[in-house]
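For reference, the chains in residue letters:
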Amino acid sequence: NLARAEHWLSTMLKEGVEANTVTYSTVIKACAEARNLARAEHWLSTMLSERVYADTFTYNIVIKACAEARAVAKAKQWMSLVVKAGVERTPSATPL
């Protein structure tokens, strides 16, 4: 449930609990599954601004959500950011 996932992450952050890659990725995936690209992008942007490492799995969630929303320009922006950030491709990363 997207609302619950966002609620708990927001609560954690307000209480000073550090969120990690898995925590953010879980919420981003919930956003993508709810077909809410804007929220998925919001949480990935928040994650990056908090200097939490985003791996290929995390980026691929958002890029796939962009593709499903036919937001090609946004997908390209995120893919460019992956390259610019030097994120290494992992064997478990979902191919697009």
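Since the structure is predicted, the reported quantities are computational estimates derived from the model, not experimental observations.

Caption draft 1: Looking closely at the environment of Glu33. Relative to the helices and strands, Glu33 resides in helix α2 (residues 21–33). Residues Glu33 and Glu68, 35 residues apart in the sequence, show an inter-C-alpha distance of 10 Å.

Caption draft 2: Geometry of the environment of Leu44. Tracing the sequence through the fold places Leu44 in helix α3 (residues 37–49). Residues Leu44 and Ala32, spaced 12 residues apart in sequence, show a C-alpha to C-alpha distance of 11 Å. Look past the residues within four positions of Leu44 in its chain and what remains in contact with it is Ile28, Ala54, Thr58, Tyr59, Val62 and Trp78.

Caption draft 3: View of the layout of surface pockets. Estimated volume of the largest pocket: approximately 240 Å³. Lys29, Ala32, Ile61, Lys64 and Glu68 are the residues nearest the centre of the largest pocket, which is lined by 11 residues in total. Elements represented by at least two residues in the lining of the largest pocket include exactly α2 and α4 (56–68). No other element matches the 6 residues that α4 contributes to the lining of the largest pocket. For the lining of the largest pocket, the per-class residue count stands at 4 nonpolar, 2 polar and 5 charged.

Caption draft 4: Representation of the nonpolar core. Counting 28 residues, the largest nonpolar core has Tyr24, Ile28, Leu44, Tyr59 and Val62 as the members making the most contacts within it. The set of elements that each furnish at least two residues to this core consists of α1 (2–14), α2, α3, α4 and α5 (72–85). If sequence neighbours within four positions are ignored, Tyr24 has contacts with Leu9, Leu13, Ala19, Trp43, Thr46, Met47, Glu50 and Val52.

Caption draft 5: Examining the packing of α2 against α4 more closely. Across the interface, α2 lies against α4 with an axial gap of 9 Å and an inter-helix angle of 15°. As far as their axial angle goes, α4 and α2 are roughly parallel. Note that α2 runs across α4; the crossing there is left-handed. Here Thr21, Ser25, Ile28, Lys29 and Ala32 of α2 lie close against α4, whose contacting residues are Phe57, Thr58, Ile61, Val62 and Ala65. Tallied by class, residues from the contact of α2 with α4 come to 6 nonpolar, 3 polar and 1 charged.

Rules and cut-offs
- Residues numbered from 1 in each chain as written.
- Predicted model: local features only at pLDDT ≥ 70, side-chain atom pairs only at ≥ 80, totals over all residues.
- Heavy atoms only, no water.
- Helix = DSSP H or I, 4+ residues; strand = E, 2+ residues; numbered from the N terminus.
- Contact = heavy atoms within 4.5 Å.
- 1 Å grid on protein atoms, 1.4 Å probe; cavity = no way out; pocket = protein on both sides within 12 Å on 5 of 7 lines; lining within 4 Å.
- Points joined across faces, edges and corners; volume = space filled by probe spheres on them.
- Nonpolar A, V, L, I, M, F, W, Y, C, P; charged D, E, K, R; others polar.
- Core = buried A, V, L, I, M, F, W, Y, C linked by side-chain atoms within 4.5 Å.
- Buried < 20%, exposed > 50% of the residue type's maximum accessible area, 1.4 Å probe, protein only.
- Axes fitted to C-alpha atoms, helices over the stretch in contact; angles between N-to-C directions.
- Parallel < 35°, antiparallel > 145°, perpendicular 65-115°, else oblique.
- Left-handed = near helix turned anticlockwise from the far one by under 90°.

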